[in-house]
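Working through the structure, step by step
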Amino acid sequence: MSLNVLSVASECVPLVKTGGLAGVAGALPGALKAEGVEMRVLIPGYPGVLAKVGTGETLWESDDFFGGPARLCFATHGGLRLYVLEAAHLFDRPGGPYLDGGGCDWPDNDIRFGALSWMGAQIGAEGAGGWRPDLIQCHDWQAGLVPLYLKARSVDLPTVMTVHNIAFHGLMPAGRMAALGLPGWAFHPGGMEFYGQVSALKAGLVYAWKVTTVSPTYARELRTPEFGGGLDGVIRARAGDVLGILNGIDEADWDPATDPHALRFKQPRGKAKARAALLEEMGLTEGPGPLCVVVSRLTGQKGLDLLLQALPDLVARGGRLALLGSGEPPLEQAWRSAAERHEGVAVRIGYDEALAHRLIAGGDAILLPSRFEPCGLTQLYGLRYGTIPVVARTGGLADTVIDANPAALAAGVATGIQFAPVNAEALSVALDRLCDLHADPELFAKLQRNAMRAPVGWQGSAAAYARLFREISPPS
Ligand SMILES: Nc1ncnc2c1ncn2[C@@H]1O[C@H](COP(=O)(O)OP(=O)(O)O[C@H]2O[C@H](CO)[C@@H](O)[C@H](O)[C@H]2O)[C@@H](O)[C@H]1O
């Protein structure tokens, strides 16, 4: 029997993307279709979204929705069925979904995403345009208040809180509770309170029926003070309800044989042209070592400051590095200077989807020295393109890459390199191992073939989500 699921997300590919959450929110509806789940996505009507989906049918409207007029409309785009929350006073702004043009959080993000969550609960309670969800999936803090809004309305609808990154809590001053229509009874340490403030993510973790995160290892790590971001106690308290389900990637979008952005190939040996084109595009010369690539947000999480420290060793071994990223200004600056200092290093600061494809197609290896990584997507793209992932042994990186240790090499199952602990020395050793493997073309090609065969799609994970959804929503 078909199951209706509403997914509430602050970003969704192909409409708006700042990071991995958008890829997951955009891919899950398609992947779940085969499992008999109809998933519709509720997203904010940012200008870029409205420009793409146009004016849909109005399903709900109000003159005073958190301080201004708003309407909910239904639209379809690229196979997605969407509920778009149009509220100009909240979402019609320049800049990104969360930050203004200067890179600062919008001061009313709590209201903006509180409003999104309220609308999720509204659709849960009353349906929209004749469609009613059997369950709501809430992505990260921006949708964290949905389960609480439902509870406050005494609506007993199953909810799943999905954590893509526990580092973002969605904190708001307690004084905002009235404006957000949040119930005072939930403001205590066992509820939504986090050290005197409201945490939207904590509300989701406490009041959702189930909690998922994007890899089994991250699900275990979240129970520890090191990775739990102050919410490890809540996760431990709900241990029986927390499940790690690995992300997949969109295998049509990320297919080396059909990629519209890069030179195409089917076998590792076919990568040579994409590699040569990439060296040229990035202004790098051929070297004796591997061509390493990075596509990443530039934040402390991603550990790229560690790579800056390990860089001289890599370059000394004839390695090359091409990096695409944007994020924290000091890191952007440090990478710009690294490119000036080292001839073998090229850096592009910015967000560029097409270049990301060319980097992943042309690289020999993709580097993810993350301090924590709930799942990670670029190592999965790397596997699919035979671009060997060199990863920190944490979260989803530990779950998706098989280290090329002697046993795995002998068994013919190795797909990449893992390192631990996550520091510059261990990363240097890993890069040294990469150089050694790369120096043996036959062995390296074997690794690449293994990588390209590794399962990176949604199939298994979509089935796991569907099982969980069915387990908690009784047949209607
Ligand atoms: N400068 C740039 N130009 C072009 N594309 C760029 C880019 N910078 C990043 N990207 C793209 O953005 C996405 C990043 O996804 P990740 O999973 O690697 O990390 P993120 O930390 O955003 O996601 C969080 O959520 C996801 C989804 O659950 C988890 O996998 C992850 O571990 C968690 O931290 C990838 O699709 C990547 O190609």
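Quick caveat, the model's predicted, so the values are computed rather than measured.

1. Considerations on the sheet that holds strand E11 (residues 210-213)
- As summarised here, the arrangement of the 9 strands in space is E3-E4-E5-E2-E1-E6-E7-E11-E12, forming an open sheet in which the pairing is mixed. Each edge of the open sheet carries a strand with a single partner, namely strand E3 (57-62) and strand E12 (242-244). Adjacent strand axes in the sheet meet at a mean angle of 25°, parallel and antiparallel pairs treated alike.
- Where E3 meets strand E4 (residues 70-77), 5 bridges bridge the pair, whose relative direction is antiparallel. What sits directly across from Ser 62, in E4, is Ala 70.
- Most of the contacts of helix H7 (residues 200-207) go to strand E7 (residues 159-163), to which it runs at about 135°, and overall it touches E7 and E11.

2. Describing the site of the ligand
- For the ligand, the set of nearby residues contains 27 residues, the closest of which are His 164, Arg 297, Glu 373, Gly 376 and Tyr 381.
- One of the backbone N or O atoms of Gly 20 is found 2.9 Å from an oxygen atom in the ligand.
- One nitrogen or oxygen atom from the main chain of Leu 377 is found 3.2 Å from an oxygen atom belonging to the ligand.
- Coverage of the ligand by the protein chains reaches 97% of its 720 Å² of free accessible surface.
- Elements supplying a minimum of two residues to the shell around the ligand: helix H1 (20-33), strand E13 (291-298), strand E14 (320-327) and helix H14 (378-384).
- Considering only residue class, the shell around the ligand consists of 11 nonpolar, 11 polar and 5 charged.

3. Digging into the UniProt feature "domain: Starch synthase catalytic" (unreviewed entry) in the protein
- Feature annotation in UniProt assigns "domain: Starch synthase catalytic" (unreviewed entry) to the following positions: residues 4-236.
- Structurally, residues 4-236 comprises 31% helix and 24% strand, and the distance from its first C-alpha atom to its last is 30 Å.

4. A word on the sheet that holds strand E8 (residues 171-173)
- A sheet is described by the order of its strands in space; here 3 strands give the open sequence E8-E10-E9, paired in antiparallel fashion. Each having just a single partner strand, E8 and strand E9 (193-194) make up the two edges of the open sheet.
- Of the pairings in the sheet, the one linking E9 to strand E10 (residues 197-199) comprises 2 bridges and is antiparallel in character. Bridged to Phe 194 within E10 is Gln 197.
- On top of the sheet, H7 reaches E8, E9 and E10; it is set at about 60° to E10, its chief contact.

5. Thoughts on the pairing of E11
- Because side chains alternate across E11, one face comprises the buried residues Lys 210 and Thr 212, and the other comprises Val 211 and Thr 213, equally buried.
- Both E7 and E11 contribute to a ladder of 4 bridges, which runs parallel. Looking at the pairing, Thr 162 lines up with Thr 212 of E11.
- As paired strands, E11 and E12 are joined by 3 bridges and run parallel to one another. The partner of Val 211 across the bridge, within E12, is Val 242.

6. Some points on helix H13 (residues 353-362)
- Among the 10 residues of H13, 8 are classified as buried, and the element is accordingly described as predominantly covered.
- For H13, the complete set of buried residues consists of Ala 354, Leu 355, Ala 356, His 357, Leu 359, Ile 360, Ala 361 and Gly 362.

7. Digging into the environment of Val 315
- Checked against the element boundaries, Val 315 lands in helix H11 (residues 304-316).
- Its relative accessible area of 22% is what places Val 315 among the partly exposed residues.
- As for Val 315 and Val 345, which are separated by 30 residues in sequence, their C-alpha atoms are 8.0 Å apart.
- Here Val 315 is in contact with His 342 and Val 345, once residues within four sequence places are set aside.

8. Re the UniProt feature "binding site: ADP-alpha-D-glucose" (unreviewed entry) in the protein
- UniProt marks Lys 17 with the feature "binding site: ADP-alpha-D-glucose" (unreviewed entry), using the numbering shown here.
- Summarising the element assignment, Lys 17 is placed in the loop between strand E1 (3-8) and H1.
- For Lys 17, a relative accessible area of 27% puts it in the partly exposed group.
- Setting aside its immediate chain neighbours within four residues, Lys 17 contacts Glu 11, Ala 22, Tyr 351, Glu 353 and Tyr 381.

9. A word on the pattern of salt bridges
- A complete count under the given rule lists 20 salt bridges for this structure.
- The salt bridge involving Glu 126 is made with Arg 153; its shortest N-O contact spans 3.4 Å. Of the two residues, Glu 126 is situated in helix H4 (residues 109-126) and Arg 153 in the loop between helix H5 (146-152) and E7; the sequence distance between them amounts to 27 residues.
- Since its relative accessible area comes to 31%, Arg 153 is described here as partly exposed.
- Within the structure, one salt-bridge network assembled from shared partners comprises Lys 210, Arg 238, Asp 241 and Glu 471.

10. Examining a positive patch on the surface
- A surface patch of like charges, here positive, comprises Arg 269, Lys 446, Arg 449 and Arg 453.
- Here Lys 446 is to be found in helix H18 (residues 441-453).

Cut-offs used in this document
Residues numbered from 1 in each chain as written. Predicted model: local features only at pLDDT ≥ 70, side-chain atom pairs only at ≥ 80, totals over all residues. Heavy atoms only, no water. Pairing = 2+ DSSP bridges. Helix = DSSP H or I, 4+ residues; strand = E, 2+ residues; numbered from the N terminus. Axes fitted to C-alpha atoms, helices over the stretch in contact; angles between N-to-C directions. Contact = heavy atoms within 4.5 Å. Near = heavy atom within 4 Å. Polar contact = N/O pair within 3.5 Å; in protein donor to acceptor, adjacent residues only side chain to side chain. Areas by Shrake-Rupley, 256 points an atom, 1.4 Å probe, with all protein chains shown as cover. Nonpolar A, V, L, I, M, F, W, Y, C, P; charged D, E, K, R; others polar. UniProt positions renumbered as here; feature names shortened; annotations may be inferred. Buried < 20%, exposed > 50% of the residue type's maximum accessible area, 1.4 Å probe, protein only. Salt bridge = Lys/Arg side-chain N within 4 Å of Asp/Glu carboxyl O. Patch = residues over 30% accessible without salt bridge, like charges linked within 9 Å, V, L, I, M, F, W, Y side chains within 5 Å. Lys, Arg positive; Asp, Glu negative; His and termini not counted. Charge placed at Lys NZ, Arg CZ, Asp CG, Glu CD.

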